Every structure is written in structure tokens, then in C-alpha cells.
Amino acid sequence: MTARQNRQWRLTARPVGLFKESDFKWTVEPVPEIGDGQLLVHNLYLSLDPTNRGWANEADTYLPAVKLGDVMRGGTIGVVEESRNPDFAVGDHVSGLLGWQEYAVSNGAGITKLPHNPAIPLTAYMGLFGHIGATAYFGLLDIGRPKEGETLVVSAAAGAVGSIVGQIGKIKGCRVVGIAGSEQKCRWLVDDLGFDAAIDYKKEDVSASLKQHCPNGIDIDFENVGGRIFDAVLAQINLRARIVLCGLISGYNAAEPVPGPYNFAMILIKRARVEGFIVMDYMNRAEEAFRDLGSWLMSGRLKYRVDEVVGLEQAPTAINGLFTGSNIGKLVVKI
Ligand code: NDP
């Protein structure tokens, strides 16, 4: 045992509604010694993602449920501090699902070595050059298949995924309309990111505003939210619309089964295609996405934003910002 301490958040209760700090237990343990083939990673950043809420439920999702008592699962970026694995050297920066803790021991499975590029901040590998960028890129391009002149609607548009989706839509020649939860977010989308219009769903009549901003109907819906926003969009889709089912965040904290969508018949009437996807299935093609995203970033056609909270102890409260909408861009914790 070394003298170093590992600070961790363990999941100790199944959350009901939003996360509560009492759903977790703060534990401090000695940092373990590593064995042959293992590495010790000092986590520097933790990614907070809407999907974390689903992982904390009793039922498995696309990954097994986090067991009560286990360190909460979470995406991390860290630095290798010790290595007895020939594939990793001390000082390597790595990403993986190493959880809500300061140190993690790994055998290297599922750990990605990050490139050494001082021009790119480490947090970008949780955003544009990580699962977020890949979600936006493959979701929109592979599933949404945008064509020049089409109208794209994006919900949770000022969040990590949505803000990138809308900008890729503009690069591909679409009319892009974002839906977000504040005036400040809407202004950012239009003034800084070049969206054609943005709808503040907390203040506006979403159906009326969609009618106004999508005069030719909606060809692609990049759906991050579900619920009444999804229904309003469905009512205005065009023939052969594509619905990219990326997320349904409005239902993630629901204690009762979520109803709808009520306008389901529009999928039939408009011969629309609805396709769900999980970004993990695309990570073997991630380089494709990062090449394009990188070149758009360098040429100034794409911007991204990171919303950083400081201190691992903040994680259980900070994560609720994803559900109350306090974040703009990618929410991360600097451990
Ligand atoms: P965001 O950074 O977009 O944060 C979530 C945002 O959702 C909030 O900022 C909030 O913004 C909005 N929101 C929360 N609750 C509601 C609600 N009830 N109604 C309307 N808007 C709401 O998170 P991500 O970019 O990480 O994720 C966006 C979506 O993409 C999520 O649904 C997530 O599950 C999904 N996702 C799916 C992946 C996949 O592989 N399929 C991979 C990554 C993400 P506002 O102020 O606008 O309300």
C-alpha cells in the first residue's frame, strides 16, 4: 500500500427523480498497488453525461446497471502514474470509463491513449474529440443524412451534442433551428454558432415558433429530448423525414412510465425513418469523425464549449445541471 489516498463516490441508493447526494457515499481508501499487466491512472477530469442517470437505475441499459456499493461509472481522462503494462507508459494521457474517483487501476482494456498535442486541451477529448463529437457526427451524417437546403431541427441544442450537431448541419448547407431552454442559450446558438434560429422552449409556444422558423417543414429531427418537444416536431415533419433518436432526456428522471409520442402516426403518414443509435457502436470509426471535426475547428467553421465544475466532491450535485439545464456545452468535472 502507498500513502496516497483515493477519493471516490460510490452509488449506494437507486435514485428517484433527480440524483440526491444521499444516493452516493464518499469513501477515502488507500491507492492500491498495481500488479503485472496493470496501470495506475490518476484521473484529472470526469465527464458528466445524461446517460449516467440511466446507469444508476436497477435495470440494465446498453451497459449493465452500476451495482449498489460500486464506484459510480463515469468517463474519465487521466494520466498514467505507474505502469506494468507494456502498452502504456508513465505520463501517457488516457481516457476510459474509470469512474467517479481520483485513482483507478486498470488492465488497459477499454482504455484509449490520447494524442500528445499541447494545442488541444484535455477536456476536448471528452467533447469534440470524444464521444460527444462522434455522437453528433455519426448521428447527423450517417443517420440523418442531411442534404443541402434541408431543414434540421435540433433539441437540447445548446448542450454538448446539440451545439455540434447544429454547426455540422450548417456546414452541410441545412437550415438549422435549435431548441433550448433560455434566452442566453438561444442567443449563443444564433449569434456565435450560426444557427438560423433558436426557440426558447421555456418561454415560447414551440409549435408556433417551429412553424415560423421552418417554413418548408422539417426534414431532419436530431432528437435529444423527447416528450412534448418531440411531439411538436413530429407534427411538422416532411415526407421521408429522418428522425435521429439520440436521446430522450426529458424522461430520464421520470418515476412513472413516460407516455407518447402522441404524434406517432406522423411517422406513418410521412413515411419517416426513425433510427436510434448508441455512439459506442461507432467508436471504431471515430478517426473519421475527428479528422473532419478537427479540420472544421481549425478553419473556424466549428466551435465548442466546455462547462467546467471544479472538485470531484461536486459531482452528485453538478450532474443535475444536465436535467435542469444549467450547462452550456460539455459538462465536465475537474477532479
Ligand atoms: P447536454 O449537454 O445537451 O445537456 C443536457 C441538456 O438537455 C440540458 O442542458 C438541458 O438544456 C436539456 N434538457 C434537460 N432536461 C430537459 C427537458 N426536460 N426538456 C428539454 N430539454 C431538457 O447533454 P449531452 O449533449 O451529453 O446529451 C444530449 C442528449 O444526447 C441526451 O439525451 C443524451 O442522453 C444523448 N446522448 C446520446 C448518445 C448516444 O450514443 N445515443 C451519446 C451522448 C448523448 P435546456 O436548457 O435546453 O433545457
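A few points on the structure. Note that the structure is predicted; figures quoted are calculated from it, not measured.

## A closer look at the site of the ligand
Near the ligand, the surroundings consist of 28 residues, among which K185, Y201, Y252, V279 and N327 are the closest. Between the ligand and G181, the relevant distance is 2.8 Å, taken from an oxygen atom to a main-chain nitrogen or oxygen of the residue. Between the ligand and the protein, one listed contact pairs a nitrogen atom with a backbone N or O atom of F323 at 3.5 Å. For the ligand, whose unbound accessible area comes to 910 Å², protein coverage reaches 91%. Put simply, the parts of the chain that give the shell around the ligand at least two residues each are α2 (131-144), α3 (160-171) and α10 (321-324). Looking at the shell around the ligand, its residues break down into 18 nonpolar, nine polar and one charged. A domain split of the shell around the ligand shows at least three residues from each of domain 1 (5-127 + 304-334) and domain 2 (131-280).

## Overview of helix α8 (residues 286-298)
In an α-helix, one full turn covers 3.6 residues, which means residues spaced three or four apart are oriented alike. Here α8 is 13 residues long and its end C-alpha atoms lie 18 Å apart, about the 18 Å a rise of 1.5 Å per residue gives. Turning to α8, its buried residues number three or more, namely A286, A289, F290, L293, G294 and W296. One side of α8 holds all its buried residues, which, seen down the axis, span an arc of 165°. Exposed side of α8, more than 90 degrees from the buried face: E287, R291 and M298 are the residues found there.

## So, the environment of W100
Examined against the element boundaries, W100 turns out to sit in the loop between β5 (93-96) and β6 (103-106). You can call W100 buried: its relative accessible area is 0%. In the structure, W100 is positioned 19 residues away from E81 in sequence and 18 Å away in space, judged by C-alpha atoms.

## Some remarks on empty space enclosed by the protein
Summed over the entire model, instances satisfying the criterion amount to one cavity of 30 Å³ or more. Computed from the structure, the largest cavity encloses a volume of approximately 40 Å³. Per element, the largest residue contribution to the lining of the largest cavity is three residues, and it comes from α3. Taken together, the residues of the lining of the largest cavity break down into five nonpolar, three polar and two charged. No fewer than three residues from each of domain 1 (5-127 + 304-334) and domain 2 (131-280) sit in the lining of the largest cavity.

## Remarks on the layout of surface pockets
Volume-wise, the second largest pocket comes out at about 240 Å³. Taken together, 17 residues form the lining of the second largest pocket, with G226, G227, F230, L248 and P261 sitting closest to its centre. For the lining of the second largest pocket, the element with the highest residue contribution is helix α6 (residues 227-234), accounting for three residues. Of the residues belonging to the lining of the second largest pocket, the class tally is eleven nonpolar, five polar and one charged.

## A look at the packing of aromatic side chains
Following the criterion strictly, the structure yields ten aromatic pairs and no others. Ring geometry for W9 and F24: centres 6.1 Å apart, planes at 70°, overall edge-to-face. In this pair, W9 is assigned in strand β1 (residues 5-11) and F24 in strand β2 (residues 24-30), connecting sequence segments 15 residues apart. As far as the burial class goes, W9 and F24 line up, both buried. Aromatic side chains Y137 and F138 sit 5.1 Å apart centroid to centroid with 85° between the ring planes, which places their arrangement in the edge-to-face category. We note that Y137, like F138, is buried. Put simply, the rings of W9, F19, F24, W26 and W100 touch in pairs and so form one group of aromatic residues. Positioned above the aromatic ring of F19 is the side chain of R53, whose terminal nitrogen or guanidinium carbon lies 5.7 Å from the ring centre. Across the ring face of W55, the terminal group of R73 is positioned such that the distance to the ring centre comes to 5.0 Å.

Reading the values: rules and limits
- Residues numbered from 1 in each chain as written.
- Predicted model: local features only at pLDDT ≥ 70, side-chain atom pairs only at ≥ 80, totals over all residues.
- Heavy atoms only, no water.
- Near = heavy atom within 4 Å.
- Polar contact = N/O pair within 3.5 Å; in protein donor to acceptor, adjacent residues only side chain to side chain.
- Areas by Shrake-Rupley, 256 points an atom, 1.4 Å probe, with all protein chains shown as cover.
- Helix = DSSP H or I, 4+ residues; strand = E, 2+ residues; numbered from the N terminus.
- Nonpolar A, V, L, I, M, F, W, Y, C, P; charged D, E, K, R; others polar.
- Domains from an automatic or database assignment.
- Expected span 1.5 Å × (residues − 1).
- Buried < 20%, exposed > 50% of the residue type's maximum accessible area, 1.4 Å probe, protein only.
- Arc of directions from axis to C-beta.
- 1 Å grid on protein atoms, 1.4 Å probe; cavity = no way out; pocket = protein on both sides within 12 Å on 5 of 7 lines; lining within 4 Å.
- Points joined across faces, edges and corners; volume = space filled by probe spheres on them.
- Phe/Tyr/Trp six-rings, centres within 6.5 Å; stacked < 30°, edge-to-face > 60°.
- Lys NZ or Arg CZ within 6 Å of the ring centre and 35° of its normal.

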